[in-house]
Structure formats: C-alpha cells, structure tokens
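Working through the structure, step by step
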Amino acid sequence: MPAFRAPQVILFSEDVERAAAFYSALGFVETFRVPTEGKPIHVDLALDGYKLGIASVESTRDDHGLDPVGHGQRAAVILWTDDVDAAFAELTAKGAPALAAPDAWLGRLRIAWIADPDGHPVQLVQEA
C-alpha cells in the first residue's frame, strides 16, 4: 500500500468564486486556481496548514463523470476560534445563514453553526 499525505477536502459548488470569497473572508488564502483567468472551475485555499478545495459541480460532472450535488449538508467545515460568540455574530451580520446559535457542548466546548453560500455547514468551535 502506498503512503498517503496532504489530505484535503473538496466541496462542490454551483458558484466557485462566491464560495472562494466566503472562505477567503474567513482567513483562508488562495493557493491554486484553474483557469488562472476568468471563471474558475476549481480553487484551493489554505488556513493554518489545512487545505480546502472548491470545485464546480458542472466541471466535476463534465471532466470526471461524477454526479455531485451542489446544495445541502453533505460535509462540514470546522473552524476553531478564540471567541465563538463574536465570530457567530460577525458572520451572521455579514449574511451567513445561522444554523445553530452558540451553545455549550460536552461540558468543554462552545460551538455554533453557520452555512457557507452553498449550504455546507460551518462549525465554529472553541474550548470552553
């Protein structure tokens, strides 16, 4: 069995630019884009050593023969923060849909949930 390395999650999107802008506003830095000019079909972003890819639904169907779904809760992005309440308030004020308000969980974490532009849940979490 070959060794694996550099895991990455790819989220499917109907609007790659919109999704990339959302994650860029959270602090992710773009590391890859194809094509480099014009409407992208794939963008990779990184934050704190974690890589997240945004791939167009159309390109994934046409180029790879898969049948991805462009909307709904198919995966979640987890972001650790020092202040869940402030992050939740700021992101929802900027238009991110609230899925669940900040709350204690397991007696040691504080979590909240928002949605990205394609409906993927984004969990905001901190040590309580």
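Now for a description of the structure that goes with this document. (Residues numbered from 1 in each chain as written. Predicted model: local features only at pLDDT ≥ 70, side-chain atom pairs only at ≥ 80, totals over all residues. Heavy atoms only, no water.)

1. Remarks on the overall build of the protein chain
Regarding its fold elements, the protein chain presents three helices and eight strands. Listing the helices and strands of the protein chain from first to last along the sequence gives β-α-β-β-β-α-β-α-β-β-β. In terms of overall dimensions, the protein chain has a C-alpha envelope of 45 × 40 × 25 Å along the principal axes. When the 128 residues of the protein chain are sorted by exposure, 35% land in the buried category. Within the protein chain, contacts between residues separated by at least 24 positions form 50% of all contacts whose residues are at least 6 apart in sequence. When the accessible area of the protein chain is evaluated, it comes to approximately 7,700 Å², of which 55% is carbon and sulfur surface. (Helix = DSSP H or I, 4+ residues; strand = E, 2+ residues; numbered from the N terminus. Buried < 20%, exposed > 50% of the residue type's maximum accessible area, 1.4 Å probe, protein only. Contact = heavy atoms within 4.5 Å. Areas by Shrake-Rupley, 256 points an atom, 1.4 Å probe, with all protein chains shown as cover.)

2. Thoughts on a nonpolar patch on the surface
On the surface, Phe32, Val34 and Ile41 cluster together into a nonpolar patch covering about 220 Å² of accessible area. One can find phenylalanine 32 in strand β2 (residues 29-34). Since its relative accessible area comes to 40%, phenylalanine 32 is described here as partly exposed. (Patch = residues over 30% accessible without salt bridge, like charges linked within 9 Å, V, L, I, M, F, W, Y side chains within 5 Å. Salt bridge = Lys/Arg side-chain N within 4 Å of Asp/Glu carboxyl O.)

3. Some details on the packing of aromatic side chains
Scanning the model with the defined rule gives two aromatic pairs in all. On the basis of an interplanar angle of 85° and a centroid distance of 5.6 Å, the ring pair of tyrosine 23 and phenylalanine 28 is categorised as edge-to-face. Looking at tyrosine 23, the relative accessible area reads 0%, which means it is buried. Put simply, the rings of Phe22, Tyr23 and Phe28 pair up and form one aromatic cluster. (Phe/Tyr/Trp six-rings, centres within 6.5 Å; stacked < 30°, edge-to-face > 60°.)

4. Comments concerning the nonpolar core
Membership of the largest hydrophobic core comes to 22 residues, with the highest contact counts inside it found for Tyr23, Ile54, Ile114, Val122 and Leu124. Not counting residues up to four positions away in its chain, the partners in contact with valine 122 are Phe22, Tyr23, Val77, Leu79, Ala112, Trp113, Ile114 and Asp116. (Core = buried A, V, L, I, M, F, W, Y, C linked by side-chain atoms within 4.5 Å.)

5. Some details on the pattern of salt bridges
In the structure shown here, the tally under the stated rule is five salt bridges. Between arginine 33 and glutamate 30 there is a salt bridge, with its nearest N and O atoms 2.8 Å apart. The class of arginine 33 is partly exposed, set by a relative accessible area of 21%. Residue classification places glutamate 30 among the partly exposed residues on the basis of a relative accessible area of 35%. With a shortest N-O distance of 3.0 Å, lysine 94 and glutamate 90 are connected by a salt bridge. Judged by relative accessible area, glutamate 90 falls into the partly exposed class, the value being 45%.

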